[in-house]
Amino acid sequence: MSPSTTVSRVRRQWPLSPWLFAAPGLLIIGVFILYPFVSTLVNAFTDRRTLIPGEFVGLANFRELLHDDMFWIGLRNSTLYVLGVVPALVILPLLLALLVQKNIPGITFFRSAFYTPVVASIVVVGLIWVWLLDERGLINSLLESVGGGRVGFLSDQWLLLLSAMAVTVWKGLGYYMIIYLAALANVPRELHEAAAVDGAGAVRRFVTVTVPAVRSTMALVGALSSVAAFKVFSEVYLMAGPSGGPAGEDTTLVMLVQRTGTGLTGRVGYASAISVVVFVVTVALMLLVLRADRRGEA
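Heads up: these notes are all about the structure in this document. Numbers given for residues are sequential positions, taken from 1 along each chain in its written order. Only residues with pLDDT of 70 or above have their local features reported here, since the model is predicted, and side-chain atom pairs are shown and tallied only from 80 upward, although totals for entire chains, interfaces and linings are computed over all residues. With hydrogens and water excluded, all non-hydrogen atoms of the structure serve as input to the side-chain values.

**Structural notes on the overall build of the protein**
Right, so step 1: Only DSSP runs of H or I reaching four residues or more are called helices, and only runs of E reaching two or more are called strands; each is numbered from the N terminus. The helix and strand tally for the protein stands at 14 helices and zero strands.
Right, so step 2: Element order for the protein, N to C, with α for helix and β for strand: α-α-α-α-α-α-α-α-α-α-α-α-α-α.
Right, so step 3: Against the 2.2 N^0.38 benchmark of 19 Å for 298 residues, the protein shows a C-alpha radius of gyration of 25 Å, more extended than a compact globule.
Right, so step 4: The principal-axis extent of the C-alpha atoms belonging to the protein is close to 85 × 70 × 35 Å.
Right, so step 5: Think of it in three bands: with a 1.4 Å probe and only protein chains considered, a residue is buried below 20% of the maximum accessible area for its type, exposed above 50%, and partly exposed in between. A total of 298 residues make up the protein; the buried ones form 36% of that total.
Right, so step 6: Expressed as a percentage of contacts within the protein between residues at least 6 apart in sequence, the contacts between residues at least 24 apart total 67%.
Right, so step 7: Values of accessible area rely on a 1.4 Å probe in the Shrake-Rupley scheme; residue burial ignores everything except the protein chains shown. Only carbon and sulfur atoms are counted for the fraction: they give 69% of the accessible area of the protein, which is about 17600 Å². The globule rule used for comparison is 2.2 Å times the number of residues to the exponent 0.38, while the radius of gyration itself is calculated over C-alpha atoms. Whether two residues are in contact is decided by their heavy atoms, any of which lying within 4.5 Å being enough.

Here it is in structure tokens:
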């Protein structure tokens, strides 16, 4: 009996058998993704608290957002984070991938070294950078030893946000470098050779050959890094503390969700409304990046 005949008999006898194999995955998706999403969406229209079920209040939570100064501070910081981090994570990993693309002796060590921050715990990474940037940390000690003054990397509102951006870029370089390496491997070598014959230098070949060839990958990296940057939490939380820096001026939207919706008196409904805003903005960011990529290809 051929394998195709056996499969056909199994399908006729147990028509639901394929769903048995898919059931574990579907169960995980339902419990950890769909249910929390629907629950958050429903709670956004209620006044639910941690220990109180709450009642339907319509758009009251969203109207309150418009008059909440902390919400606008969080939206400002999350937006600035996207503007500061995404361009760096689109360009720098590509340049890094070009540097480590060639198979020369010892290049594997550098590839591994650049990828190490990706697999490191964000908590460990955050603590290391806090020790480096603290008022009495290594960087300030070096500045003081050469006659400079101490810099408040973790006490100044804008320097703290820039420091968190630097940590995000440093930790994400290796991840996006791997994506670019896969894309660069598919670029025909003949294109570079033809451009070199025409007298194009390294910079011109990069602009006219490499960038067009990996445009779709750049759009993918832009979309992924935009979503991750807008939902930033760990870096800012570890460097600014639970309060969100001086007077809470470095609070991001996800930090505001955590602060508002946790604890025995947490406003789960209001935090859910902020989460819905974060979801809508991240989806809009992805659509904008993908649409820009399609226009560029056209």
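**So, the packing of aromatic side chains**
Right, so step 1: Each aromatic pair joins two rings of Phe, Tyr and Trp (for Trp, the six-membered one) with centres within 6.5 Å, and gets the label stacked for planes under 30 degrees apart, edge-to-face for over 60, and tilted for any other angle. Going through the model one piece at a time under the given rule, you end up with seven aromatic pairs.
Right, so step 2: Arranged with centres 5.0 Å apart and planes meeting at 20°, the rings of Phe 233 and Tyr 237 form a pair that is stacked.
Right, so step 3: You can call Phe 233 partly exposed: its relative accessible area is 24%.
Right, so step 4: On the basis of relative accessible area, Tyr 237 is assigned to the partly exposed category, the value being 26%.
Right, so step 5: In this scheme, Lys NZ or Arg CZ marks a charge over a ring once it lies within 6 Å of the ring centre and within 35 degrees of the ring normal. One residue, Arg 267, lies across the ring of Tyr 270, its end atom 4.5 Å from the ring centre.

**A few points about helix H6 (residues 122–133)**
Right, so step 1: Helix span, expected: 1.5 Å multiplied by one less than the number of residues in the helix. In this model, H6 (twelve residues) spans 16 Å end to end at C-alpha, consistent with the 16 Å of a helix rising 1.5 Å per residue.
Right, so step 2: Within the sequence span of H6, burial applies to Val 125, Gly 126, Trp 129, Val 130 and Leu 133. Down the axis, H6 shows its buried residues gathered within 135° of arc, on one side only.
Right, so step 3: The secondary structure elements touched by the buried residues of H6 are helix H7 (138–145), helix H8 (157–184) and helix H12 (234–240). Arc, as used here, means the arc of the directions from the helix axis to the C-beta atoms.

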